[in-house]
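# Structural description and commentary
Residues per chain, in single letters:
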Amino acid sequence: MRYLPHSEAERAEMLGVVGAAGIEALFSAVPNGALLKAPVDLPSHSPEFLVEAHMRTLAARNQAAGDGPFFVGAGAYRHHVPATVDHLIQRSEWLTAYTPYQPEISQGTLQMLFEFQTQVAKITGMEVANASLYDGSTGTAEAVLMARRLTKRSKIILSGGLHPQYRDVVKAYLRDDPGLVCLSASPDGQGDILDRIDVDTAAIVVQTPDFYGHLRNIEAAAQAAHAKGALLIVVVTEVISLGLLEAPGALGADIVVAEGQSIGNALNFGGPYVGLMATRKEFVRQMPGRLCGETVDANGERGFVLTLSTREQHIRREKATSNICTNSGLCALAFSIHMALLGEAGFTRLARLNHARACALADALETVAGVVLLNRTFFNEMTIRLNKPGAEVVEALAANGILAGVPVSRLVPDDPAVEDLVVLAATELTTDDDIAALVSGLKEVLA
Amino acid sequence: MTIKFTQDHEYIAVEGASGTVGITAYAQDQLGDIVFIELPVVGKVLKKGDEAAVVESVKAASEIYAPVSGTVTEVNAVLSGEPGLVNQDPAGAGWMFRMSIADAGELDTLMDEAAYQDHIK
Amino acid sequence: MSMNSTGRPTHIGTGADITAHGAALLPNEPLLFEIGDTHHSGVDLPEVQISTARLGGFERRSDLDLAGLTEPEAMRHYVRLSRLNHSIDGGFYPLGSCTMKHNPRLNEKVARLPGFADIHPLQPVSTVQGALELMQQLAHWLMTLTNTAAVALTPKAGAHGELLGMMAIKAAQDARGQGHRKVVLVPESAHGTNPATAAFLGYTVKPIPAREDGTVDVSAVKAALAPDVAAIMLTNPNTCGLFEPQVVEIAEAVHEAGAYFYCDGANFNAIMGVVRPGDLGIDAMHINLHKTFSTPHGGGGPGAGPVVLSQALAPFAPVPFVRKTGEGLELVEHAEGEALGRITAFHGQMGMYVRALTFMLSHGADGLAQAAKDAVLNANYIKARLGGAFSLPFPDYPTMHEVLFDDAFLKGTGITTLDFAKALIDEGFHPMTMYFPLVVHGAMLVEPTESESKQTLDQFCDVMLELAEDAKAGDATRFTAAPMKAPRRRLDETRAARQPVLRWDRGQDLPQAAE
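Residues numbered from 1 in each chain as written. Chains lettered and ligands numbered in written order. Predicted model: local features only at pLDDT ≥ 70, side-chain atom pairs only at ≥ 80, totals over all residues. Heavy atoms only, no water.

## Observations concerning the interface of chain C and chain B
Taken together, the contact between chain C and chain B spans 12 residues of the former and 25 residues of the latter. Interface area for chain C against chain B, summed over the two sides, is near 1,500 Å², with a carbon-plus-sulfur share of 57%. At the junction of chain C with chain B, the criterion picks out zero salt bridges. One can count three residue pairs in polar contact (both at pLDDT 80 or more) joining chain C with chain B. (Contact = heavy atoms within 4.5 Å. Buried area = accessible area lost by both parts, 1.4 Å probe. Salt bridge = Lys/Arg side-chain N within 4 Å of Asp/Glu carboxyl O. Polar contact = N/O pair within 3.5 Å; in protein donor to acceptor, adjacent residues only side chain to side chain.)

## Focus: the UniProt feature "modified residue: N6-lipoyllysine" (unreviewed entry) in chain B
All names here are of chain B. Under the present numbering, the feature "modified residue: N6-lipoyllysine" (unreviewed entry) in UniProt falls on Lys-59. Among the structural elements, Lys-59 can be located in the loop between strand E6 (51-57) and strand E7 (61-65). Taking the relative accessible area as the measure of exposure, Lys-59 reaches 8% and is therefore buried. (UniProt positions renumbered as here; feature names shortened; annotations may be inferred. Helix = DSSP H or I, 4+ residues; strand = E, 2+ residues; numbered from the N terminus. Buried < 20%, exposed > 50% of the residue type's maximum accessible area, 1.4 Å probe, protein only.)

## Side note on the sheet that holds strand E11 (residues 433-434) of chain C
Residue and element names in this part refer to chain C. Strand order in the open sheet formed by three strands is E10-E12-E11, and the pairing between neighbours is antiparallel. Unpaired on one side and paired on the other, strand E10 (403-405) and E11 mark the two borders of the sheet. As defined by bridge partners, E10 adjoins strand E12 (residues 444-446) across three bridges and the pair is classed as antiparallel. What sits directly across from Leu-404, in E12, is Leu-445. (Pairing = 2+ DSSP bridges.)

## Quick look at the nonpolar core
Ranked by internal contacts, the top residues of the largest apolar core, which has 122 residues, are Phe27(A), Met55(A), Leu142(C) and Phe293(C). Per-element tally for this core: the top contributor is helix H12 (residues 350-386) of chain C, with 19 residues. Viewed by domain, this core spans two of them, domain 1 (109-361) and domain 2 (368-490) of chain C, each represented by three or more residues. Those residues within four positions of Phe27(A) in sequence are excluded, and the remaining contacts are Leu35(A), Ala270(C), Ile271(C), Val274(C), Lys373(C), Val376(C) and Met400(C). In this structure, Ala150(C), Ala157(C), Val184(C) and Phe346(C) belong to the second largest nonpolar core, which totals 92 residues. (Core = buried A, V, L, I, M, F, W, Y, C linked by side-chain atoms within 4.5 Å. Domains from an automatic or database assignment.)

## A look at the domain arrangement of chain A
Residue and element names in this part refer to chain A. For chain A, the domain assignment lists domain 1 (69-80 + 345-446) and domain 2 (83-339). A C-alpha centroid distance of 27 Å is found between domain 1 and domain 2. Facing 30 residues of domain 1, the contacting portion of domain 2 comprises 29 residues. Taking both sides of the interface into account, the surface hidden between domain 1 and domain 2 amounts to around 2,400 Å²; carbon and sulfur atoms contribute 68%. Ranking the residues of domain 1 by area buried against domain 2 places Phe-347, Phe-379 and Leu-411 at the top, with a combined share of 27%. Taken together, the links from domain 1 to domain 2 amount to nine residue pairs in polar contact (both at pLDDT 80 or more).

## Notes on the interface of chain A and chain C
The interface is formed by 194 residues belonging to chain A together with 215 residues belonging to chain C. Its salt-bridge partner being Glu104(A), residue Lys422(C) comes within 2.8 Å of it at the nearest N-O pair. Of all the elements, helix H10 (residues 329-365) of chain A adds the most residues to the side of chain A that touches chain C, at 25 residues. When the residues that make up the side of chain A that touches chain C are grouped by side-chain class, the tally is 100 nonpolar, 54 polar and 40 charged. (Nonpolar A, V, L, I, M, F, W, Y, C, P; charged D, E, K, R; others polar.)

## Let's talk about helix H2 (residues 48-60) of chain A
Spacing of three or four residues puts side chains on the same side of an α-helix, whose turn is 3.6 residues. Here H2(A) spans 18 Å end to end across 13 residues, near enough to the 18 Å set by a 1.5 Å rise per residue. Those residues of H2(A) that fall on the buried side of the exposure criterion are Val51(A), Glu52(A), Met55(A), Leu58(A) and Ala59(A). In a view along the axis of H2(A), the buried residues occupy a sector of 120°, so they form one face of it. Looking at H2(A), the residues exposed on the side facing more than 90 degrees away from the buried face are Phe49(A) and Ala60(A). Elements in contact with the buried residues of H2(A): helix H3 (105-111), helix H4 (114-117), helix H5 (129-146) and H12 of chain C. (Expected span 1.5 Å × (residues − 1). Arc of directions from axis to C-beta.)

## A short note on the sheet that holds strand E5 (residues 260-264) of chain C
Residue and element names in this part refer to chain C. With respect to topology, seven strands assemble into an open sheet ordered E1-E7-E6-E5-E4-E2-E3, the strand pairing being mixed. Every interior strand has two partners, whereas the edge strands, strand E1 (150-152) and strand E3 (204-208), have only one. Direction aside, the axes of adjacent strands within the sheet are offset by 25° on average. Along the sheet, H5 makes contact with E1, strand E6 (284-286) and strand E7 (307-309), crossing E1 at roughly 125°. Seen against the sheet, helix H9 (residues 247-256) touches strand E4 (229-235) and E5 and runs at an angle of roughly 140° to E5. (Axes fitted to C-alpha atoms, helices over the stretch in contact; angles between N-to-C directions.)

Now the structure itself:
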C-alpha cells in the first residue's frame, strides 16, 4: 500500500515495544462483536493509474463549462484564474499546513490572512473583515445571527431579490423562527422591504446585484434601516462587481457578506468556495469566524496571530458567537493571490470587461423574438422572460452543447410567475461567438 | 469597609449599603493577561450568582457572578480602554462595578480574607 | 467567576536577542501592500470603454487603494511567505484531534480535471451525470464504512455537519411530538464545537463528567437522562484518545429514554474499516473528510463534513441529494416531507468529494482498515516509548490513534506545557495539541497518523525524551525562551487582543516592541 510506510516486520517490532500480542489487543475496548473480522464489503486497494482512470471516466460524463458557449451564473461564476494561482496554492507549505495554531511556524498563513482581511475590507469599503467563512450562503445566515446579537432584536427581513438558496439556508438556520420574514422571490423589485422595517427589526438583507441581476439602491436601504435602529446586511454573490460598483460600506452597510468564488476559485460544481464577511470595527466582537491580527514577537519583530479567539467555540463553547471551526483557508489564499495579481488596475479592468460583455449579451438578446430582457440595470447578469418555460428552453439548448443559464423555476419551483424566466451571466470569458451561438440557438428553440 | 470573597474568586468591598465588585489577585493571576471586559449596564438588577460581567484573557473567557443580590449603580468604564488594570491592581483601580446591596444578610454567606486565603491554598 | 484550569500561561517568554538559524533563506517578507501599488498588475486585460447607462448611477466613487503585483513579484511574495509555514510535507505534524496525514497528490490531480473543476452547480443535471455518480459512490462508501442508512453530503466542515446532525435530531423529536426536550448531554471532554452547536439550536447543555479513567460512565449518562433530554453528543473514540468501552450501553440507554445519539466522528481515523459506528447504535455522525480522508487541510480549510444518519433520522436528511430514476440520476433540490431544507447553497464541497473518493479507492477496504490499525499502532508506540518519562492521565486502556499526556511530569520544573511545545519547534517538529481536552491539566495530545514511518516516530520520541530529561534537570531556559530557531519568537497575543490591528492601512507604522 503506497501510502503506508510500515513493513510487516516493523509492525511486529513495534507491537513488541507496545507489549501487545497483536493489533487486535489495541482494540480491546471495542465491545465484543463490533470489531470487524474481515474488511467491509468494498473494493480492495488500487494502483494510482486505475484510480485515475476511474475518476477520468466519471469526469468525462460531465459537460465542462469550457466545452462550449456558457452563460450559467446565479451565485457561481466562470472566470479566468491565472496559472500562478493554482501553482502557488499547491505548494506543500500552503496545501498541507493546518490552522495556524503555532504562530511562530505559521507566519506564512497568518500574514496571508492579514492581507486577505485587508483586501476584503477594501473592496467592500468596510473597516474590518474576517479570515473567511465557508461560503456566501452560510455567511448570510451567520450575518443574520450576528445582527440579532448586536441589536438584541429578532425580526429579520430578507429581500425578494436574495438568491433563493441563500434564503433557504437562512430559513434552515432559523427553523420555525417567527422573527424571520421572507419576501417572495420577485424578478421585478425587492418588494416593500423598506416599508416593513420597524423597531423590532434587527436587520434587512439586500443583495446587489440581486439574484435577477438588478442593481439595488443600498444607500436608501441603509437610511431606511438606520432610521429604525436596524442594521443593513448587504449580500454580494458576484464579488467582481465591486470593481465597478460603489462599495456597500461607502453607502452605509453594516455587515457585508460576499461569495468570493469569482476571484481565484474554480466552479467546482458548487464548492469549496470562500465566504467573505466585513463589518464595522465596533461590531468586531460579535463577528463569527477567525481573525488574524498584527503584533510583535519577543524580539520586537512584526508578526501575526489569530486573535479575539475568545469569541470562538474552542474557548467559549456554548457561549461562542458561532460553532464554526474550519474556515476556507486555501480558497482564501487563492482569492488573495488572484486579487494581488489583479491589483486595483486589474480588478477595475476586469469588472469593466465583465460589464461590457454583459452589455453585448443584453443587446444581442433583445434582438431575439420571444425574449424580453427584464433588467434596466445589471452588472454581468440579467434575467429574460421567454415565450416558453425556461427549463424546457435551457434543456433544449444544452442538448445542442449550449449551457444557456439557469431557469428560475429550478430554484423557485411551483411559481407560475417565474416559470418562463432564465438568469444568464456573461464574464470576461464570454466571446462574441458564444453570444452568436446562443442567439441562433434561442431563435431555433423559441420559433 | 469590609471585604468579602466568593468561592468563585470575586470580591465585594462593602461600604454601607453599597459594594464594589472585582476579581481577586489570585484570579487575575490564573487568568493571565486580561484583554477585554464586558461590563454590565447601570441599573441592571442582579440576583446573587447571576452572570454580571465577562473577563477575557487570550486563552479564556470567564463569567463574573454577582456576589450578592442588588442593582448595578456604577461601572468602571476605564477598563474598556485599559483592561490590564485588572492584572495590575485588581483590588484598586481594577474594580469592575458598584452595586447597591439588596439583602445585607447575603454577605454572611461569603468568606472573609482569612477563609478565602485558606480556600485558594 | 468561572475559572480556567488548563494551566496555559499567557505571557511571552523573554531571553537573549536571538537570530534564527537559516535566516539567510528566510528573509522577512513585507506586506503585499508595502511591495505593490495600485498601478502594478499581474494580469493583462484589455481596457474597454463602457457606457454607464445600465449601472443606475451606482458606479464606484470611493477609493479602492488595492495593491497589485506583477507575476514575478507575486510568485516571490507567496513563495517566501510559504516558507514560513510548517507543513505535513515538510515535517512531522502530530497535532492531536486534527489527523494531519499525508495528502496524496493524485487527489489534487483528479480534482482539477475540467469534468469536475469546471462544471457549474446549476447547469442542467443531464450534463453532470458523472458528478452525481461520484456523489453516489462517495455516499455508498461512507454508508458502508459506517453501516448507516443515509448520508447528507453537503455540510461544509465538521462543525457544519454537527449542526446538520443536531438539526435532524431536533426535527425528529419535533415530528414525534417531543419538541419539549430541551437538554443535550455533552461530556466535559468534548470538542468546543459540540456545546456551541447544541446551544446554537436552543438546547441547554448538560455536561457529563468524565470518569477517573477518561471515559464516560454509562451510569452517569443514565442518571442524566431525564424526560427533557433530546440527545447526547459523544465523541468516539473520545478526545482523550480512548474508545468508549460502554458506548453500546450508552446508546441503548439513550434510545430507551427517547433520545438520540449524536456521535462526533472527528476521530473516525482510528476505526475506519475496523469498527462500523452504526453497529454501536449511533443515530448521526459527521465525518471530517479533511481529516480521515485526507482532503488537504489547506491552512485551515476548506473542509467537508458529511453526516451519516440512522434509519430513524434518514427522513430528515437535507436537500440536495442524488436519486436514481429510470433515465439516470436526478438531484433532489427541494425539500419533500420532513426533510430539513438546505444548509448551504448548491451541493456541498464537490472538490472535497473528489479527493475523498480518490483516497478511498486508492486505499480500498483493506487499505483503510490497515491505515486505521497503523494509526493506532503508532500512537501506542509513542505511548510505550514515552510513558515512563511523561505522565499519562489515563493509563488503563490502550490508546486509540492519539495519546494524551498531562503536565504532571513537569511539576516543580517551572516549565509549562506551552514551553515544552515551543521547545519542540526548535527541534523541527510541529507541537502536539496543547491544553485540549480541558479535562486534564496541561494536556498534550499527540496524534501521529498512519503516514509516519517508524524512523520518524523514533526521532520524535528520542527528542521528546531528551527534552523531558532536560526539563527535569532544570534547564528551563531552553523551554521558556523557545522557540529560538523559528522564523518568529513567541508572539505577543495580549497586545494583539488588547489593541486589535486587523488590517493594513496606508501610513500605518511598523509596530514598536511593547514597553
